[in-house]
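Examination of the molecular architecture
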Amino acid sequence: MTDQPRTLSDKVWDRHVVRTAPGEPDLLYVDLHLVHEVTSPQAFESLRLAGRALRRPDLTVATMDHNVPTTGLDRPVADPVSATQMATLARNCEEFGVRLHAMGQPGQGIVHIIGPEQGLTQPGMTIVCGDSHTSTHGALGALAFGIGTTEIEHVLATQTVPQSRPGTMAVSVEGELAAGVTAKDVILAVIGRIGTAGGVGSVVEYRGSAIRSLSVEGRMTVCNMSIEAGARAGMVAPDETTFDYLEGRLHAPKGAAWEAALEDWRTLVTDEGAVFDKEVVLDAAALRPHVSWGTNPGQVVPIDDVVPDPERLPDPGQRDAARRALAYMDLIAGTPMRDVAVDTVFVGSCTNSRIEDLRAAATVLEGRRVAPGMRALVVPGSFRVKAQAETEGLDRIFTEAGFEWRGAGCSMCLAMNPDKLSAGERCASTSNRNFEGRQGKGGRTHLVSPAVAAATAVAGHFATPADLEAVT
Amino acid sequence: MEPRRIVTGTALPLDRSDVDTDQIIPAVWLKRVERTGFGAGLFAAWRDDPGFVLNQPHHRGAKILVAGTNFGTGSSREHAVWALEDYGFEAVVSPRFADIFRSNCTKVGLVPVQVDDLTGATLLQAVAADPTLVVTVDVAARTLSAPAVGIDVGFPLDDFTRHRLLEGLDDIDLTLGHADAIDAYERRRPSWLPTTAPA
Ligand code: SF4
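Residues numbered from 1 in each chain as written. Chains lettered and ligands numbered in written order. Predicted model: local features only at pLDDT ≥ 70, side-chain atom pairs only at ≥ 80, totals over all residues. Heavy atoms only, no water.

**Some details on the overall build of chain B**
Each helix and strand in chain B was counted, giving eight helices and eight strands. By principal-axis analysis of the C-alpha atoms, chain B measures approximately 65 × 40 × 25 Å. Across the 199 residues in chain B, those meeting the buried criterion constitute 56%. Long-range contacts, defined as pairs at least 24 residues apart, comprise 65% of the intrachain contacts of chain B with a sequence gap of at least 6. Of the roughly 7,800 Å² of accessible surface on chain B, 51% is carried by carbon and sulfur atoms. Each charge class in chain B was averaged separately, 19 positive and 27 negative side chains, and the resulting centres sit 3 Å apart. (Helix = DSSP H or I, 4+ residues; strand = E, 2+ residues; numbered from the N terminus. Buried < 20%, exposed > 50% of the residue type's maximum accessible area, 1.4 Å probe, protein only. Contact = heavy atoms within 4.5 Å. Areas by Shrake-Rupley, 256 points an atom, 1.4 Å probe, with all protein chains shown as cover. Lys, Arg positive; Asp, Glu negative; His and termini not counted. Charge placed at Lys NZ, Arg CZ, Asp CG, Glu CD.)

**Quick word on the site of the ligand**
All residues in the neighbourhood of the ligand are listed as H66(A), I110(A), H112(A), D131(A), H133(A), S349(A), C350(A), C410(A), C413(A), L414(A), N432(A) and R438(A). Partitioned by chemical class, the residues of the shell around the ligand number five nonpolar, five polar and two charged. (Near = heavy atom within 4 Å. Nonpolar A, V, L, I, M, F, W, Y, C, P; charged D, E, K, R; others polar.)

**Considerations on the pattern of salt bridges**
Considering all chains together, one arrives at 45 salt bridges over all chains under this definition. The salt bridge partner of R433(A) is E228(A), with a shortest N-O separation of 2.7 Å. Here R433(A) is found in the loop between β18 (426-429) and β19 (444-447), whereas its partner E228(A) is found in the loop between α8 (216-224) and β11 (233-235), with 205 residues between them in sequence. An identical accessibility class is assigned to R433(A) and E228(A); each is buried. Here R142(B) and D159(B) are joined by a salt bridge, their closest N and O atoms 3.0 Å apart. Within this pair, whereas R142(B) is found in the loop between β6 (135-138) and β7 (143-146), its partner D159(B) is found in helix α6 (residues 159-167), the two being separated by 17 residues in sequence. (Salt bridge = Lys/Arg side-chain N within 4 Å of Asp/Glu carboxyl O.)

**Details of the interface of chain A and chain B**
Every contact between the two is made by 77 residues of chain A and, on the other side, 59 residues of chain B. Counting the contacts that link chain A with chain B gives ten salt bridges. In this structure, the salt-bridge partner of R438(A) is D22(B), at a minimum N-O distance of 3.0 Å. Counting across the interface, chain A meets chain B through 38 residue pairs in polar contact (both at pLDDT 80 or more). When residues of the side of chain A that touches chain B are assigned to their parent elements, the largest contribution, seven residues, is made by helix α5 (residues 149-158) of chain A. Partitioning the side of chain A that touches chain B into residue classes produces 30 nonpolar, 27 polar and 20 charged. (Polar contact = N/O pair within 3.5 Å; in protein donor to acceptor, adjacent residues only side chain to side chain.)

**Some thoughts on the pairing of strand β6 (residues 126-129) of chain A**
Residue and element names in this part refer to chain A. Residues T126 and V128 point to one face of β6 and I127 and C129 to the other, with burial holding for every one of them. For strand β3 (residues 32-36) and β6, the ladder comprises three bridges, and the chain directions are parallel. Looking across to β6, one finds that L34 is bridged to C129. Relative to strand β7 (residues 143-146), β6 runs parallel, the two being bridged by four bridges. When the bridges of β7 are listed, T126 appears paired with L143. (Pairing = 2+ DSSP bridges.)

**A short note on the side chain of T430(A)**
Residues and elements named next belong to chain A. Tracing the backbone shows T430 in the loop between β18 and β19. The exposure class assigned to T430 is buried, which follows from its relative accessible area of 0%. A polar atom in the side chain of T430 sits 2.8 Å from the backbone oxygen of G348.

**Some thoughts on helix α6 (residues 183-194) of chain A**
All names here are of chain A. A rise of 1.5 Å per residue sets the reference length of α6, with its twelve residues, at 16 Å; its end C-alpha atoms lie 17 Å apart and thus fit the reference within 8%. Residues A183, K184, D185, V186, I187, L188, A189, V190, I191 and I194 constitute the buried set of α6. Immediately beyond the C-terminal end of α6, within one or two residues, lies G195, with a positive phi of roughly 90°. (Expected span 1.5 Å × (residues − 1).)

**Observations regarding the packing of helix α2 (residues 41-49) of chain A against α5(A)**
How two helices sit against one another is set out by the angle between their axes and by the gap between those axes. Residue and element names in this part refer to chain A. Close contact between α2 and α5 brings their axes to 8 Å; oriented N to C, the two are set at 50°. Taken together, the axis directions place α2 and α5 in an arrangement best described as oblique. For α2 against α5, the interelement crossing comes out right-handed. Contacts between α2 and α5 involve Q42, A43, F44, S46 and L47 from the former and T149, I152, E153, L156 and A157 from the latter. For the contact of α2 with α5, a count of residues per class yields six nonpolar, three polar and one charged. (Axes fitted to C-alpha atoms, helices over the stretch in contact; angles between N-to-C directions. Parallel < 35°, antiparallel > 145°, perpendicular 65-115°, else oblique. Left-handed = near helix turned anticlockwise from the far one by under 90°.)

**Some points on the side chain of S82(A)**
With respect to the helices and strands, S82(A) occurs in helix α3 (residues 80-96). Excluding anything up to four places from it in sequence, S82(A) contacts N67(A), V77(A), M416(A) and K31(B).

**A closer look at unusual backbone geometry**
Residue and element names in this part refer to chain B. Here the phi dihedral of F43 falls at roughly 50°; this positive angle occurs in a residue that is not glycine. Here F43 lies in the loop between α1 (21-24) and α2 (44-47). The phi dihedral of N70 is positive, around 65°, even though this residue is not glycine. As for its position among the elements, N70 is in the loop between β3 (64-67) and α3 (79-87). Using a relative accessible area of 2% as the deciding quantity, one classes N70 as buried.

**Description of the confidence of the model for chain B**
In the predicted model, chain B carries a mean pLDDT of 96, and 100% of its residues have values of at least 70. Reported for the predicted complex are a pTM of 0.97 and an ipTM of 0.95. (pLDDT = per-residue confidence, 0-100.)

**Here's the deal with the nonpolar core**
One broad trend across soluble globular proteins is that nonpolar side chains are buried collectively. Residues V173(A), Y206(A) and W265(A) are the most contacted members of the largest nonpolar core, which totals 90 residues. The element that contributes the greatest number of residues to this core is α6(A), accounting for eight residues. Within the second largest apolar cluster, 85 residues are counted, among which are V307(A), V385(A), V448(A) and W46(B). (Core = buried A, V, L, I, M, F, W, Y, C linked by side-chain atoms within 4.5 Å.)

**So, the sheet that holds strand β8 (residues 160-163) of chain A**
Residue and element names in this part refer to chain A. Read from one edge to the other, the open sheet built from three strands follows the order β1-β2-β8, with strand pairing classed as antiparallel. Each end of this open sheet is capped by a strand with a single partner; those strands are β1 (17-19) and β8. Along the sheet, successive strands turn relative to each other by an average axial angle of 40°, direction set aside. Pairing of β1 with strand β2 (residues 26-29) involves two bridges; the strand directions are antiparallel. Counterpart to R19 in the pairing with β2 is L27.

If you want it as structure tokens, here you go:
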């Protein structure tokens, strides 16, 4: 190992290299492999056909999330294809000895919610999953990235994955966030600034006082959407906030092991003098709540702004994409975002369905009602989040405001289960992707924070909590 | 994986940037537990439009997809690559690929051909103007050529990936050859790292 100053991501990379050879990708050891029902069946099948064993079932954990219904959990799954996919996962886990949090079990939830929640996600680890939002786990200082199904099979068989070393990128958010500006707004603003390809080939380290001030859950929201900026992964250096979050969690080290781990984790920072390949700085104080207007996550504006005019974009490709996006979204350039009426509000997804997200939305909804005709649903990220929220009475606040209180899963983030938008329906969503048809064929998605989602549900059009009349 | 050495044939112009994996293969298609049959879902939503380029009879049988920049953004679903392959594509040309999509391509044997913006735009125009234009991707030489319009450029492909594509090699076999190194690594891992066994 070298004495040169190194970045956080390089440090974590270096300690996981099993084998390195000139002209070849490094062979990286995988500390934790997360599995869900959608991207794994073909990997298990190939493993079986090749007669290979699963090398480390004890470093592998599975959950059902993408397909699970969020209502009627006591009944059989209505969609036979979804049911088959979940049954296949159950069978594979049984055969290969993988721990599974099946539908209806207390540990079940979205794969990126349950890892940190159970303390399986720890600083300095390498974590992979057949899911691009694996970047979420970087919030605790892990190097975590999404892989494809062929790579899943590779990890199952060898507990390693061949990878070329990514570039390094620093996104520094310095200063203090204004009241009402959340982690979601930070990451939407970052993507708006660097674009959907801004992070291609890189691991982004989020730095600066505004990032430090975020809770671990807020950092997860930020790291989660690194992939929307094209990045391979996102990371935040672990600090006291991280250690406090982890201490006492189910799989966190205990006693002497905790002390040993802490000593190690404290070394996981970018060294003074380390140089990033790319660097971007944002002024936290200038950030406002953000809303997306288009069909890719780089097409965002502050909520105080108007729908942008494609003709004023400098790049012909961008102009074309913006024209197409406005047509799909049925928006007219120059319309104030606050004037855009919304049909559905979705609070959920691995970006924003943790307890703090639900608290943020509930705070806005307390004593208020959703606008007439508004469909509004809350889908907690996991059954543990759901139980916690119910202990705090948040479920009552949501239901009294007119929200549906659901079971845990991905739900309307990608509409693989029955929760879908219909064609033309407009949704304010706390999820991460506003692609065409993402939440249902022909559906129109606007990405927002939980606080803006809740205020929008009440107002009937895009709004911040500050826009709402005071509750009397 | 089957070896992939030379792809030569006609091309299909998809003049859009930021084509995300939800467009390449929508989520409803991801419920299948097999690896095959995804071609029918390729660009499913866009194919509802009779004017969409995939529905144009004169582009039928194209082996190379030529797209705008930033192709394959979004999810890690390898299903996107399976859909392109199953439909009949053997190479995709774009000025920029999303990282995971690109890596998935090379695992399956779909050649990701990254070109500069100008070459990308020129090729898009040329194949739109002449659907019979013959385009060739040579993996060994790492070149893309369409002699009729004067295109002959190199594209980036690291030696290892090139070798794997040419020989149709399976990564797992290669890695299992280094089992000793993995064993040795496991002996060095700190004991406090978590396992997923019930706590
Ligand atoms: S919540 Fe959405 S983005 Fe997250 S894992 Fe599920 S489908 Fe993917």
